[in-house]
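Chain by chain, the residues:
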Amino acid sequence: MKRTVIQGGHVVDPETGIDGLFDIVIEDGKILSVGDSKPGTGDWKLETIDATDKVVTPGLIDMHTHLREPGHEYKETIQTGCLAAVHGGFTTICCMPNTQPVNDNQSVTDYILKKARAAGSVRVYPIGAVSQGLKGKNLAEYGEMKAAGVVALSDDGNPVMNAQLMRRAMEYAKAFELLIISHCEDRDLTSNGVMNEGVTATRLGLAGIPNSSESVMVARDIALCELTGAPVHIAHVSTEDSVRIIRNAKERGLPVTAETAPHYFSLTEEAVLNYDTNAKVHPPLRTAKDREAIRQGLADGAIDIIASDHAPHSSVEKEVEFEAAANGLIGMETSLPLSLKLLEKGFLSLTDLVLKMSVNPARVLRLDHIGLKPGNPADLTVIDLEKRFTINADTFRSKSRNTPFNGWQVKGKAVITMVGGKVVFNDY
Amino acid sequence: MKFEKKDILDIESLSRDEIGLILDTADSLKEISSRAIKKVPTLRGKTIVHFFHESSTRTRTSFEIAAKRLSGDTVSISASTSSIVKGETLADTARNLEAMNPDAIILRHKAAGTPHMLARLVKSSVINAGDGMHAHPTQALLDMMTIRERKGRLDGLNIVIAGDIAHSRVARSNIVGFTKMGARVSLVGPPTMIPQGIETLGASASYDIKEAIGDADIIMMLRIQKERQESFLFPSDREYARYFGLTAETLATAKDDVLIMHPGPINRGVEIAPEVADGPYSVILEQVANGVAVRMAILYLLLGGPR
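Residues numbered from 1 in each chain as written. Chains lettered and ligands numbered in written order. Predicted model: local features only at pLDDT ≥ 70, side-chain atom pairs only at ≥ 80, totals over all residues. Heavy atoms only, no water.

**Student:** Before we move on, could you go through the overall build of chain B and cite the residues and values that matter?
**Tutor:** What chain B contains, in helices and strands, is 11 helices and 9 strands. Relative to the 2.2 N^0.38 estimate, which gives 19 Å for 307 residues, the radius of gyration of chain B is 19 Å and therefore close to what a compact globule would have. Across its three principal axes, chain B shows a C-alpha extent of roughly 55 × 45 × 35 Å. Residues counted as buried form 58% of the 307 residues belonging to chain B. For chain B, the exposed surface amounts to about 12700 Å²; the carbon and sulfur share of it is 51%. For chain B, the separation between the mean place of its 38 positive charges and that of its 37 negative charges on side chains is 6 Å. (Helix = DSSP H or I, 4+ residues; strand = E, 2+ residues; numbered from the N terminus. Rg over C-alpha atoms; globule rule 2.2 N^0.38 Å. Buried < 20%, exposed > 50% of the residue type's maximum accessible area, 1.4 Å probe, protein only. Areas by Shrake-Rupley, 256 points an atom, 1.4 Å probe, with all protein chains shown as cover. Lys, Arg positive; Asp, Glu negative; His and termini not counted. Charge placed at Lys NZ, Arg CZ, Asp CG, Glu CD.)

Now the structure itself:
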């Protein structure tokens, strides 16, 4: 038998309300206690991890990633995606269904979970498709996918344009207690747009995507949530008006939750100047006003969650004409340091950050273990808030390099990632 | 003044002095085109690749003639005859062209930003011959040359650009260039064709052409692309011609010494009435003639001197 003690760290867990210097005792991969309790004596091997001057949080959860397997293994595999996750401090990730074949049935779900077990680092929870083949025509088999292990449903990059299909999906998903995650985008308003509509697009001669392309669908899905009583989760919120609509829905007591991604609170459309395809993403990077609204939304709780929308692409998709380039950027290895900047700027407290990056995703997805409660698997992240470094894509564990943050000076990173009591990443 | 640029990618990156130098050089080179033997040896031994990824008659011919009048060796590639049809990326095509060590690559491409991408990849000079909706710097320069020739200056002139501003690289480059040289630019067209934030480029916008042209020294009409009807930008040619086109009747309100310009190709009877296009105020063919002089000037400034 083995006991591990994580000693003297600043433990922050909003789920249990713990916020102070405590020792965490772990036995058989599970949390035994969080407190001043000594590991005690007994017939076990004792391992000690000194967490002095470090922060210890429940394992970080990234509920929006793309692992590209099956089908696009040259961009990312489940194994490299899992390595990127632990490198970024995540113990649990969810992967979107836009693989090839699409994860719209139990055999693809089984395949992903088998590969994830073989990777053997983070917990991987697949997200199933809302519609068969992400085509927006027929419902996928939610019951069978749920039994196989999906935790939510989304057509992600292929937004459900048919409002009636979305309504039925939300109703039908209630039977299996599956959350619908909506990538809110009106394809007609997006048209041939490739970046945010406005001054910068006009200067660059690129077709724009208006804010309303997102917000009309946020409003639609909230109306459908009200109609069906089914919860809805709004993915990667990027605009001021979306934040306002979501805040209003929450005030009215509707079961609406929302996430944003670090690029939406870190960058503006100006990152696209010079036609940098690494800054081409859906929804597009918006204006400084939108970025401010996203930060405010995180601060006041309109936005519950930070998720990376990790979207690996190779040079084949990115080293091309801007309008021909694929959408998306990778984020699991930059998410935490970029989010920590919000602490410095005063938008979030450390407790808020742990809510947005661990406790809230676990609650929204109804995962069966949340926070650092005794009995829970010992999934936790040790963070060095003072560690300064330069983001260098060449050091990423991800297979892809498509980040607009290369060369950024940041402060704070995960130094230990532990999943089920096992240290899967150690950069102490 | 020495010209230090490696590439001509857009008007934004050229200073007022650099634009002035290009126009002065074009003025002095224009005479070559009216000689009996229309050739000087300035660019002997220089290789110029014309890479036209999008169809073009005027610009391509103009660049070819400009290079040949300066004795440059020219090679032409179009999308249909290049490896692009075999699936080669622009970046790979660029690297391959670069390996053959040309002195300049002139690129026309349907995607905005491609000349910038090319310029990052190659050591040769890159000249933008039109990229998507973004920029068409040599067109703007030949327009400025034409205006300067006729009016003696750009500074203080009122210039109206009318039509599909949103999809026009000519409009973008001209707004930047004209305002940089001290002219006032007003835009007119249906609201569906006036892009967001255009005023940040220094131009004002309105929707009534009769009103807009009242104090104009120059009226530049833009080509209307018929396929834009499918994107709900305007209902019909008929209505467009009536409310946003330039007819003899509309022109009655304009100043006596107004100049009518058009980058071509023109849609007779849509944005411009035939009698206006062919009428006394029109300088449309002078623009074309000056195109050769401006492109000779650019090739000369980029490749002609010691670098």
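Next comes the rest of the description.
**Student:** Can you break down the overall build of chain A residue by residue, with the values?
**Tutor:** Scanning chain A from terminus to terminus reveals 13 helices and 18 strands. For 428 residues, the compact-globule estimate of 2.2 N^0.38 gives 22 Å, and the C-alpha radius of gyration of chain A, at 21 Å, lies within 12% of that figure. C-alpha atoms of chain A, sized along the principal axes, occupy 65 × 45 × 45 Å. A total of 428 residues make up chain A; the buried ones form 62% of that total. Sequence separation of 24 or more characterises 75% of the internal contacts of chain A that already satisfy a separation of 6 or more. For chain A, the exposed area adds up to about 15200 Å²; of that, 48% sits on carbon and sulfur atoms. Positive and negative side-chain charges in chain A, numbering 45 and 55 respectively, have mean positions lying 1 Å apart. (Contact = heavy atoms within 4.5 Å.)

**Student:** Which residues make up the interface of chain B and chain A, and what values do they have?
**Tutor:** In this complex, chain B contributes 23 residues to the contact, which on the side of chain A involves 16 residues. Across the chain B/chain A interface, buried area totals approximately 1600 Å², and carbon plus sulfur atoms make up 52% of it. Where chain B touches chain A, the interface holds 2 salt bridges. Between Arg203(A) and Glu12(B) there is a salt bridge, and its shortest N-O distance comes to 2.7 Å. Considering every element that reaches the side of chain B that touches chain A, the biggest residue donor is helix α4 (residues 114–121) of chain B, with 4 residues. (Buried area = accessible area lost by both parts, 1.4 Å probe. Salt bridge = Lys/Arg side-chain N within 4 Å of Asp/Glu carboxyl O.)

**Student:** Give me the domain arrangement of chain B: which residues, what numbers.
**Tutor:** Residues and elements named next belong to chain B. For chain B, the assigned domains read domain 1 (16–135 + 288–303) and domain 2 (137–284). Each of domain 1 and domain 2 has a C-alpha centre, and these two points are 26 Å apart. With 29 residues of domain 1 at the interface, the matching set in domain 2 holds 24 residues. Between domain 1 and domain 2, the buried area comes to about 2200 Å², and carbon and sulfur atoms account for 59% of it. (Domains from an automatic or database assignment.)

**Student:** Provide a residue-level description of the side chain of Asp290(A), including the pertinent values.
**Tutor:** All names here are of chain A. Here Asp290 is to be found in helix α10 (residues 288–300). Look at Asp290: it is buried, it has no salt bridge, and the nearest opposite charge is Arg286 at 5.6 Å. Apart from the residues lying within four places of it in its own chain, the contact partners of Asp290 are Asn211, Ser238, Thr239 and Glu240.

**Student:** For the pattern of salt bridges, give the residues involved together with the corresponding values.
**Tutor:** Residues and elements named next belong to chain B. Taken as a whole, this structure holds 35 salt bridges over all chains when the rule is applied. Lys68 is paired through a salt bridge with Glu64; the nearest N and O atoms lie 3.1 Å apart. Taken together, the residues Lys68 and Glu64, both in helix α2 (residues 58–69) and 4 residues apart, mark about one turn of the helix. The buried category is assigned to Glu64, whose relative accessible area is 16%. With its nearest N and O atoms 2.9 Å apart, the salt bridge here joins Arg268 to Asp278. Of the two residues, Arg268 sits in the loop between β9 (259–261) and α10 (274–277) while Asp278 sits in the loop between α10 and α11 (284–304), which places them 10 residues apart along the sequence. By relative accessible area, which is 45% here, Arg268 ends up partly exposed.

**Student:** Got a sec to walk through the domain arrangement of chain A? Specific residues and values, please.
**Tutor:** Residue and element names in this part refer to chain A. Domain annotation of chain A identifies domain 1 (2–56 + 376–426) and domain 2 (59–364). For domain 1 versus domain 2, the distance between C-alpha centres works out to 26 Å. The partner domain 2 presents 49 residues to the 40 residues of domain 1 that form the contact. Together domain 1 and domain 2 conceal approximately 3400 Å² of surface at their shared face, both sides included; 65% is due to carbon and sulfur atoms. When the area that domain 1 buries against domain 2 is broken down by residue, the three leading residues are Arg397, Lys399 and Asn402, summing to 20%. Linking domain 1 with domain 2 are 2 salt bridges, by the criterion used here. Taking the shortest distance from any N to any O, the salt bridge between Arg363 and Glu15 comes out at 2.9 Å. Summed over the shared surface of domain 1 and domain 2, the result is 20 residue pairs in polar contact (both at pLDDT 80 or more). (Polar contact = N/O pair within 3.5 Å; in protein donor to acceptor, adjacent residues only side chain to side chain.)

**Student:** Lay out the packing of helix α1 (residues 78–87) of chain A against helix α2 (residues 106–119) of chain A with the relevant residues and their values.
**Tutor:** Residue and element names in this part refer to chain A. Remark: α1 packs on α2, axes separated minimally by 9 Å, with the N-to-C direction vectors making an angle of 55°. When the axis of α1 is compared with that of α2, the two are oblique. Remark: the crossing between α1 and α2 carries right-handed chirality. The segment α1 lies against α2, with Ile78, Gln79 and Cys82 engaging Ile112, Lys115, Ala116 and Ala119. Of the residues belonging to the contact of α1 with α2, the class tally is 5 nonpolar, 1 polar and 1 charged. (Axes fitted to C-alpha atoms, helices over the stretch in contact; angles between N-to-C directions. Parallel < 35°, antiparallel > 145°, perpendicular 65-115°, else oblique. Left-handed = near helix turned anticlockwise from the far one by under 90°. Nonpolar A, V, L, I, M, F, W, Y, C, P; charged D, E, K, R; others polar.)

**Student:** Can you explain the packing of aromatic side chains? Please cite residues and give values.
**Tutor:** Scanning the model with the defined rule gives 6 aromatic pairs over all chains in all. Pairing Tyr172(A) with Phe176(A) gives two aromatic rings, centres 5.4 Å apart and planes at 65°, and the pair type is edge-to-face. Their ring planes at 40° and their centres at 5.6 Å tell us that Tyr240(B) and Phe244(B) sit as a pair that is tilted. Of this pair, Tyr240(B) and Phe244(B) both sit in helix α8 (residues 237–244), 4 residues apart, which is roughly one turn of that helix. Taken together, the ring pairs in this structure connect Tyr142(A), Tyr172(A) and Phe176(A) into an aromatic cluster. Across the ring face of Phe389(A), the terminal group of Lys413(A) is positioned such that the distance to the ring centre comes to 6.0 Å. A cation over a ring is seen here: Arg295(B) above Phe63(B), with NZ or CZ 4.9 Å from the ring centre. (Phe/Tyr/Trp six-rings, centres within 6.5 Å; stacked < 30°, edge-to-face > 60°. Lys NZ or Arg CZ within 6 Å of the ring centre and 35° of its normal.)

**Student:** I'd like to hear about the sheet that holds strand β5 (residues 158–162) of chain B, residue by residue, with values.
**Tutor:** Residue and element names in this part refer to chain B. Strand order in the open sheet made by the 5 strands is β7-β6-β5-β8-β9, with parallel pairing throughout. The open sheet has two edge strands with one neighbour each: β7 (203–206) and β9. In this sheet, adjacent strand axes meet at a mean angle of 20° when their direction is disregarded. Pairing analysis gives 5 bridges linking β5 to strand β6 (residues 184–188), with the strands arranged parallel. Its bridge partner being in β6, Ile161 is matched across the sheet by Leu187. (Pairing = 2+ DSSP bridges.)

**Student:** Quick rundown of the state of the cysteines? Include the residues and the values.
**Tutor:** Residues and elements named next belong to chain A. Applying the stated rule across the entire model yields 0 disulfides over all chains. Note on Cys95: no disulfide assigned, nearest cysteine sulfur contributed by Cys94 at a separation of 7.5 Å. Cysteine Cys225 shares no disulfide, and the gap to the nearest cysteine sulfur, in Cys184, comes to 11 Å. (Disulfide = S-S within 2.5 Å.)

**Student:** Go over the side chain of Thr57(A) with me, naming the residues and quoting the values.
**Tutor:** Following the sequence through the fold, Thr57(A) ends up in strand β5 (residues 55–58). The contact partners of Thr57(A), leaving out residues within four places of it in the chain, are Val12(A), Val354(A), Leu372(A), Asp379(A), Leu380(A), Thr381(A) and Ile383(A).

**Student:** Give a description of the pairing of strand β16 (residues 380–390) of chain A that names residues and reports values.
**Tutor:** As judged from the 4 bridges shared by β5(A) and β16(A), these two strands associate in the antiparallel manner. Its bridge partner lying in β16(A), Val55(A) is registered against Ile383(A).

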